[in-house]
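# Structural overview for review
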Amino acid sequence: MIGLLIACCLNVILDALFCLKFGWGVQGAALATVIGELINVLWVLAYVPRFRNVSIRKKYFRPNASIIKSIVGLGLSSFILQMSFALVAAVANKMLAIYGALSKYGADIPVAAMGISMKINQVALNVVQGIITGSQPIIGYNYGAGKYERTKTTFKISVIVGTVFMIIATFVFQFFPMPLISLFGSESELYNEFAVMCLRIFLMICIVNSLQICTGIFFQSVGKPIQASINTFAKQVVLVPLGMIILSHTIGVTGVLWAGPITDGIAFIISVILLKMNWKKIFPSKAAKVSK
């Protein structure tokens, strides 16, 4: 955590120094990021010799097919989630530019406004992801030890805490959108109008995203990579891009915005179905265990 904070704080300081003081622009910002990440790596490496229960040996660096298979399988969901952000952004920008040009807002305003909405949404989702990722080792450890009640309780608490945060975030998005938008700069009235509409519509029911994210990581924690990948793939790679394309062709530039709440709702239903289908398989009843 300290290493990540060092990288983040150093990046902010160097951004100001390189961009504002030296006038290096985007190159300065890129250099600041690289330096921050490098210091983070050096900080972490400094702790390797201090490990008490983990020793570094040459044999540990030899590829092992079964281990690689497990890592890839369990990490696929997170990989899809991270890569899909770029896919969603690309599709959204394309649709907004095309259909925005046909509206009173033009091509540039919708693209800029959606970029802000996605950044704000990403901050909120990162908080939820941090909560469930923090509970991941607790879920995995207790599940492996056969302590199913503690596993269930940890998952349920994570969902509840994440949902409460998203309720607060949704309240802010709906009733105080302008202060958030102003953090990224204030433009014309037309820009502010679309940005507010974008934030309110696109993130209308982001409350349900907590369960969807928690479900994906929960499946990873209990060794269910296929379910985790389906949960993530369905929304981020299929539903959101497809929804943006279909709705923008149907109702124009605002169709991209409405793709947000519609796909959030569908993804929520998929998560509930996956949980119901697999819950008893993940947590076998006492009678089933005795019969075995």
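Use the structure listed above.
All values derive from a computational prediction rather than experimental measurement.

### A look at the packing of aromatic side chains
- Tallying each qualifying case throughout the model produces 16 aromatic pairs.
- With centroids separated by 5.8 Å and ring planes inclined at 50°, the aromatic side chains of Trp 43 and Tyr 47 adopt a geometry described as tilted.
- By the ring-pair criterion, three or more aromatic residues cluster together here, those being Tyr 143, Tyr 148, Phe 155, Phe 218, Phe 219, Trp 279 and Phe 283.
- Above the plane of the ring of Tyr 47 lies Arg 50, whose end atom (NZ or CZ) is 4.7 Å from the centre.

### Describing the side chain of Asn 11
- In this fold, Asn 11 is placed in helix α1 (residues 2-21).
- Judged by relative accessible area, which is 18%, Asn 11 ranks as buried.

### So, a nonpolar patch on the surface
- On the surface, Ile 2, Trp 43, Val 44, Tyr 47, Phe 51, Val 54, Ile 56, Tyr 60 and Phe 61 cluster together into a nonpolar patch covering about 930 Å² of accessible area.
- Position of Tyr 60 among the secondary structure elements: in the loop between α2 (25-45) and α3 (65-100).

### A short note on α1
- A rise of 1.5 Å per residue sets the reference length of α1, with its 20 residues, at 28 Å; its end C-alpha atoms lie 27 Å apart and thus fit the reference within 8%.
- Among all positions of α1, only Gly 3, Ala 7, Asn 11, Leu 14 and Phe 18 are buried. Buried residues of α1 fall within an arc of 85° about the axis and therefore sit on the same side. Away from the buried face of α1 by more than 90 degrees, exposed residues Val 12, Ile 13, Leu 20 and Lys 21 are located.
- After α1 finishes, the residue Gly 23 shows a positive phi value of roughly 70°.

### Details of the pattern of salt bridges
- Evaluation of the coordinates by the stated rule reveals three salt bridges.
- Residue Lys 104 pairs with Glu 193 through a salt bridge whose shortest N-O separation is 3.2 Å. Placement of the pair is Lys 104 in the loop between α3 and α4 (108-144) and Glu 193 in helix α7 (residues 189-202), with a sequence separation of 89 residues.
- Taking relative accessible area as the criterion, Lys 104 reaches 55% and is therefore assigned exposed.
- Put simply, Glu 149 and Lys 152 hold a salt bridge, and the shortest N to O gap is 3.6 Å. Of this pair, Glu 149 and Lys 152 both sit in helix α5 (residues 148-175), three residues apart, which is roughly one turn of that helix.

Thresholds applied
Every chain is numbered on its own, with residues counted from 1 as its sequence reads. Residues qualify for local features only when their pLDDT is at least 70, as the model is predicted, and side-chain atom pairs are given and counted only at 80 or more; totals for whole chains, interfaces and linings, by contrast, use all residues. Hydrogens and water molecules were not included; the side-chain quantities draw on all heavy atoms of the structure. Each Phe, Tyr or Trp ring, with Trp reduced to its six-membered ring, pairs with another whose centre is within 6.5 Å; inter-plane angles below 30 degrees give stacked pairs, above 60 give edge-to-face pairs, and intermediate values give tilted ones. Look at NZ for Lys and CZ for Arg. If either is within 6 Å of the ring centre and within 35 degrees of the ring normal, a charge sits over the ring. In this text, helices come from DSSP runs of H or I with a minimum length of four residues, and strands from runs of E with a minimum of two, each type numbered from the N-terminal end. To sort residues, take the accessible area from a 1.4 Å probe on protein chains only and compare it with the maximum for the residue type: under 20% means buried, over 50% means exposed, and anything in between is partly exposed. Patch membership needs two things, relative accessible area over 30% and no salt bridge, and members are linked within 9 Å if like-charged or within 5 Å if nonpolar (Val, Leu, Ile, Met, Phe, Trp, Tyr). Where accessible areas are quoted, they stem from the Shrake-Rupley method and a 1.4 Å probe; at the residue level, only the protein chains shown are allowed to cover. By definition here, a salt bridge exists when the distance from a side-chain nitrogen of Lys or Arg to a carboxyl oxygen of Asp or Glu is within 4 Å. To estimate the expected span of a helix, count its residues, drop one, and scale the result by 1.5 Å. Directions are taken from the helix axis to each C-beta atom, and the arc is the one they span.

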